[in-house]
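Notes for the structure review
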Amino acid sequence: MSVYNTFTIKYNYKAGGLFNDNSISMNNGTYMPPIGYSVFRMTDEKQCEYAVLQALNAGYRLIDTAAAYENEQAVGCAIKKSGIPRNELFITTNLWITD
């Protein structure tokens, strides 16, 4: 199967959110925002939380994190503080082979 069969770009106009006009439709019917915010190399917990909260307030709905970044708690706190329902967010994480 080619990568082109894995997902399709679909217009999904929803109220709110700067970056959720064009969503990627996955094979299982899940929609994923095409633009996300990564917290890679954010080592300061407070700065990470603040940055994620600002990204969410700006309209980002895809947050990329990983256990190896050691800032997942800050991401969670920012999500909670944002008040955005969890079903409106798409959170990705990365695993190492040892995980």
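In what follows, the structure referred to is the one given above.
Here is a short report on the structure shown in this document.

Cut-off values and rules
- Residues numbered from 1 in each chain as written.
- Predicted model: local features only at pLDDT ≥ 70, side-chain atom pairs only at ≥ 80, totals over all residues.
- Heavy atoms only, no water.
- Helix = DSSP H or I, 4+ residues; strand = E, 2+ residues; numbered from the N terminus.
- Buried < 20%, exposed > 50% of the residue type's maximum accessible area, 1.4 Å probe, protein only.
- Contact = heavy atoms within 4.5 Å.
- Areas by Shrake-Rupley, 256 points an atom, 1.4 Å probe, with all protein chains shown as cover.
- Core = buried A, V, L, I, M, F, W, Y, C linked by side-chain atoms within 4.5 Å.
- Salt bridge = Lys/Arg side-chain N within 4 Å of Asp/Glu carboxyl O.
- Phe/Tyr/Trp six-rings, centres within 6.5 Å; stacked < 30°, edge-to-face > 60°.
- Pairing = 2+ DSSP bridges.

1. Concerning the overall build of the protein chain
Along the protein chain, the regular secondary structure elements total 2 helices and 6 strands. Order of helices (α) and strands (β) in the protein chain, N terminus to C terminus: β-β-β-β-α-β-α-β. Out of the 99 residues in the protein chain, the part that is buried amounts to 33%. A fraction of 53% describes how many contacts in the protein chain between residues 6 or more apart in sequence connect residues 24 or more apart. Carbon and sulfur atoms form 55% of the exposed surface of the protein chain, whose accessible area is close to 6,800 Å².

2. Side note on the nonpolar core
One finds Val39, Cys48, Val52, Leu56 and Val75 to be the most contacted residues of the largest nonpolar core, which totals 16 residues. Those elements that provide at least two residues to this core are helix H1 (45-58), strand E5 (62-66) and helix H2 (72-82). Here this core gets 5 residues from one element, more than from any other, and that element is H1. Residues contacting Leu56, with those up to four places away along its chain left out, are Arg61, Ile63, Ala78, Ile79, Ser82, Ile84 and Leu89.

3. Considering the pattern of salt bridges
Overall, the coordinates contain 1 salt bridge when judged by the stated rule. Across the pair Lys81 and Glu49 runs a salt bridge whose closest N-O atoms are separated by 2.5 Å. On the criterion of sequence distance, the pair formed by Lys81 in helix H2 and Glu49 in helix H1 is long-range, its members being 32 residues apart. Using a relative accessible area of 56% as the deciding quantity, one classes Lys81 as exposed.

4. Remarks on the packing of aromatic side chains
Counting across every chain of the model gives 2 aromatic pairs. The interplanar angle of 65° and the centroid separation of 5.7 Å between the aromatic rings of Tyr37 and Tyr60 together place this pair among those described as edge-to-face. Taken as a pair, Tyr37 in strand E4 (residues 37-38) and Tyr60 in the loop between H1 and E5 lie far apart in primary sequence, 23 residues in all.

5. As for the pairing of strand E2 (residues 22-26)
Moving residue by residue along a regular strand, the side chains alternate between the two faces of the sheet. Note that E2 and strand E3 (residues 31-32) share 2 bridges and pair antiparallel. From the neighbouring strand, Ser25 faces E3, where its bridge partner is Tyr31. The antiparallel pairing of E2 with E3 creates a hairpin that spans 4 residues between the two strands, and Gly29 there sits at a positive phi of about 90°.

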